[in-house]
Amino acid sequence: MAAEQGSRSLVQNTRSFVEDCWAELHKVTWPDWPQTRNATWVIILFVVLVSAVIWVMDLVARGGINMILSIFGAA
């Protein structure tokens, strides 16, 4: 009997949770196509810029390590 009440409570809790989620989704202001397109371009540009910065940092670090190694005759 306790197992039935527990499972009924679980089903009711799950149903209530899903209904609450659905209600919250109806409150969301979804972006229109131009906003989505602009946000996508901003993200792509940001990723390209960060990638370029990391690439430059890698070049500088590699050059510095090679210079240090050449001083000690390891390269």
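Below is a summary of the structure that appears in this document. Because the structure is predicted, anything quoted here is derived from the model rather than measured.

A few words on the overall build of the protein chain. Within the protein chain, the secondary structure is distributed over two helices and zero strands. In the protein chain, which comprises 75 residues, the proportion classed as buried is 0%. Accessible surface, the protein chain as shown: approximately 7,000 Å² in total, 72% of it carbon and sulfur.

What follows concerns the pattern of salt bridges. Side-chain pairing between opposite charges can occur once the charged atoms of the two side chains come close. Counted by the stated rule, this structure contains three salt bridges. Between Glu 24 and Lys 27 there is a salt bridge, with the nearest N and O atoms lying 3.1 Å from each other. Of the two residues, Glu 24 and Lys 27 both sit in helix H1 (residues 2-27), three residues apart, roughly one turn of that helix. A residue is classified by how much of its surface remains accessible, and Glu 24, at 46% relative accessible area, is partly exposed. Between Asp 58 and Arg 62 there is a salt bridge, with the nearest N and O atoms lying 2.9 Å from each other. With Asp 58 and Arg 62 both in helix H2 (residues 33-71), this residue pair falls four residues apart, about one helical turn. In this structure Asp 58 comes out as partly exposed when scored by relative accessible area, which is 38%. Exposure remark for Arg 62: the relative accessible area of 43% places this residue in the partly exposed category.

Residues Ile 43, Phe 46, Val 47, Val 50 and Ile 54 make up a contiguous nonpolar surface patch of roughly 480 Å² in combined accessible area. Residue placement: Phe 46 occurs in helix H2. Judged by its relative accessible area of 55%, Phe 46 falls in the exposed class.

What follows deals with H2. End to end, H2 covers 57 Å across 39 residues, agreeing with the expected 57 Å (1.5 Å per residue, within 8%). Looking at the residues trailing H2, positive phi occurs at Gly 73, about 75°.

Cut-offs used in this document
- Residues numbered from 1 in each chain as written.
- Predicted model: local features only at pLDDT ≥ 70, side-chain atom pairs only at ≥ 80, totals over all residues.
- Heavy atoms only, no water.
- Helix = DSSP H or I, 4+ residues; strand = E, 2+ residues; numbered from the N terminus.
- Buried < 20%, exposed > 50% of the residue type's maximum accessible area, 1.4 Å probe, protein only.
- Areas by Shrake-Rupley, 256 points an atom, 1.4 Å probe, with all protein chains shown as cover.
- Salt bridge = Lys/Arg side-chain N within 4 Å of Asp/Glu carboxyl O.
- Patch = residues over 30% accessible without salt bridge, like charges linked within 9 Å, V, L, I, M, F, W, Y side chains within 5 Å.
- Expected span 1.5 Å × (residues − 1).

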